[in-house]
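Chain and residue survey
The lines below spell out each chain.
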Amino acid sequence: MTYWKSNYKYTPLIARFIESCFRDEVITIKDLASSLNISISYAYYLLKKLGNDLNFTIRAQPYYEKIELKPLRCILTIESAATKNFLFELLSKHDYTSYITTCSGKTRGLYCEFWVPEGKEDELLMFLELSLNYGIINDYIVRAASSLKNIILGFEWYDFSNDTWRFNWQAFLDEVLSNIDEGTPILLEEKDNASGNAKFDNIDLIILHYMQHNVFTSLKSMAAEAKVTPQDLSYHYKNHVLKNKLVKLVRPYWIPYPLEFSLFYVMDIVFEETKALKGFIHSIQRKPIAYSYSFYKYNSYPSITLTGILPYKEIINFMNCLDSLKDHGVVRDFAHYILDMEKSKGKALPYQCYSEELGWLYTMDYCVKELSKFVKLTYESGAKFTKAAERAIESK
């Protein structure tokens, strides 16, 4: 068992408050107060206190499939620092790049998350293939993932008396194996077809955009951006966003450990069978390991992408635990990526790119043009250097 001093003095009530913020639906202050049996005013107080002390916010995750967007994860392997910086700046400016950062781990390069309108995936793939053919990137991985699902990053391993996080990986390993043997009745995927089955418009997208920043953004401020009355915006919120379930989940954002020894990570985990995946997901709830996951397909094996933050030494312990699960025939394979939070950029839903007549306006043309310019300049610079070197050799 390993121990890490907390960056904050959590109380049992604050812990329950934070855990209550992980929801699969839109949450209100009244919901939080009711679940904790406290007054609405005190729930407001706790939210404000955590915001001031920990930069704590509660954000919404849109149900992308219902608004005709497909979330794609992309990992680019890049050796050249100059090339990496160029692609980072280029892709971070694209309206449909939801998140981008440099990464290390299984590969060194860029970790990207994109929204791509349905039917437009080939444009992104063409850009990546062009980058590969030009030698700008060494390799790439693209995965179509389901919308994120919550994992409650909770306080089961927190010692309130000593303000300490306790990591008991052996207990976690035993719990996973036990849950697999017992069978865990959790639903992995929605049975209804979410794609394209909800009506939405620009006002709905503006609401989703601001709820991605803060689920408690005032209707008045969103109405001002949408150029409608608060009453009109409230109608869209209740009769479109809520009724059509355009929000997939909400969860709190905060850093539970001192940032100086914490690492954000992404872990791709391939399981041998579905019951193993179920046992793992059930066991990881309320542990301070991860806060979300999404599904993807890998050679027909059930697989997830896990996202979280851990003290740096616990990344190693987590991978050792996954190696033990491989030995037990639970995990087939895994790969880890460490994300550089100091050099990362993200944005909320690009509602300005949606036309109610034409749908999502998506193109990679600008990126292709800039890529061609970069390659040309790099080639010309290399040619000049080669000629100068040849002249130097001849002069000798």
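Throughout what follows, the structure given in this document is the object of discussion. Numbers given to residues run from 1 along each chain, matching the order in which its sequence is written. Since the coordinates come from a predicted model, pLDDT governs what is reported: local features require at least 70, and pairs of side-chain atoms require 80 or more to be given and counted, while whole-chain, interface and lining totals use all residues. Excluded from the side-chain calculations are hydrogens and water; all other atoms, namely the structure's heavy atoms, are used.

1. Side note on the overall build of the protein
Test applied: In this text, helices come from DSSP runs of H or I with a minimum length of four residues, and strands from runs of E with a minimum of two, each type numbered from the N-terminal end. Put simply, the radius of gyration uses C-alpha atoms, and a globule should come to 2.2 Å times the residue count raised to 0.38. Only protein chains enter the calculation, and the probe is 1.4 Å; a residue is then buried if its accessible area is under 20% of its type maximum, exposed if over 50%, and partly exposed in between. Whether two residues are in contact is decided by their heavy atoms: any pair within 4.5 Å suffices. The Shrake-Rupley method, run with a 1.4 Å probe sphere, supplies the accessible areas, and residue values consider only the shown protein chains as cover.
Scanning the protein for helices and strands turns up twelve helices and 16 strands. Its C-alpha atoms give the protein a radius of gyration of 23 Å, within 12% of the compact-globule value 21 Å for 396 residues. Overall, the protein is about 85 × 55 × 40 Å in size when its C-alpha atoms are taken along their principal axes. Burial analysis of the protein (396 residues in total) assigns 52% to the buried set. Within the protein, counting contacts between residues at least 6 apart in sequence, those at least 24 apart form 79% of the total. Split by element, the accessible area of the protein, about 19,300 Å² in all, is 51% carbon and sulfur.

2. Describing helix 8 (residues 219-226)
Note on helix geometry: an α-helix contains 3.6 residues per turn, so any two residues three or four positions apart are oriented the same way. Operational definition: By arc we mean the arc of the directions from the helix axis to the C-beta atoms, nothing more.
Of all the residues in helix 8, the buried ones are Met 222, Ala 223 and Ala 226. Taken down its axis, helix 8 places every buried residue within 105° of arc, on the same side. The exposed set on the far side of helix 8, more than 90 degrees from its buried face, consists of Lys 220 and Ala 224. Looking at the buried side of helix 8, the elements it contacts are helix 7 (202-213) and helix 9 (230-242).

3. As for the packing of aromatic side chains
Rule in force here: Pairs were defined over the aromatic rings of Phe, Tyr and Trp, the Trp ring being its six-membered one, requiring ring centres within 6.5 Å. Orientation was assigned from the angle between planes: stacked under 30 degrees, edge-to-face over 60, tilted for the rest.
Following the criterion strictly, the structure yields 31 aromatic pairs and no others. When the ring of Trp 157 is compared with that of Phe 167, the centres are 5.8 Å apart and the planes differ by 75°; the resulting orientation is edge-to-face. Of this pair, Trp 157 sits in the loop between strand 7 (149-150) and strand 8 (158-159) while Phe 167 sits in strand 9 (residues 164-167), and the two are ten residues apart along the sequence. By relative accessible area, which is 1% here, Phe 167 ends up buried.

4. Description of the sheet that holds strand 9
Heads up, the rule is: A pair of strands is treated as paired once DSSP finds two or more bridges between them. Fitted lines through C-alpha atoms give the axes, limited to the stretch in contact for helices. The angle between two N-to-C directions lies from 0 to 180 degrees.
If you trace the three strands from one edge of the open sheet to the other, you get 1-9-8, paired in antiparallel fashion. The sheet is open, and its two edges are formed by strand 1 (2-5) and strand 8, each paired on a single side. In this structure, strand 8 lies alongside strand 9, joined through two bridges in antiparallel fashion. Across the sheet, Asp 159 pairs through a bridge with Thr 164, a residue of strand 9. Where helix 11 (residues 312-327) meets the sheet, it contacts strand 1 and strand 9, and its direction lies at approximately 155° from that of strand 1.

5. Regarding the state of the cysteines
Two cysteines, two sulfur atoms, one covalent bond between them: this is a disulfide. To keep it simple, the criterion reads: Note on terminology: disulfide denotes any pair of cysteine sulfur atoms within 2.5 Å.
Evaluation of the coordinates by the stated rule reveals zero disulfides. There is no disulfide at Cys 112, and the cysteine sulfur nearest it, in Cys 74, is 5.3 Å away. Considering cysteine sulfurs only, Cys 112 is the nearest to Cys 367, which forms no disulfide, with 11 Å between them.

Any link to function would need more than the numbers given here.
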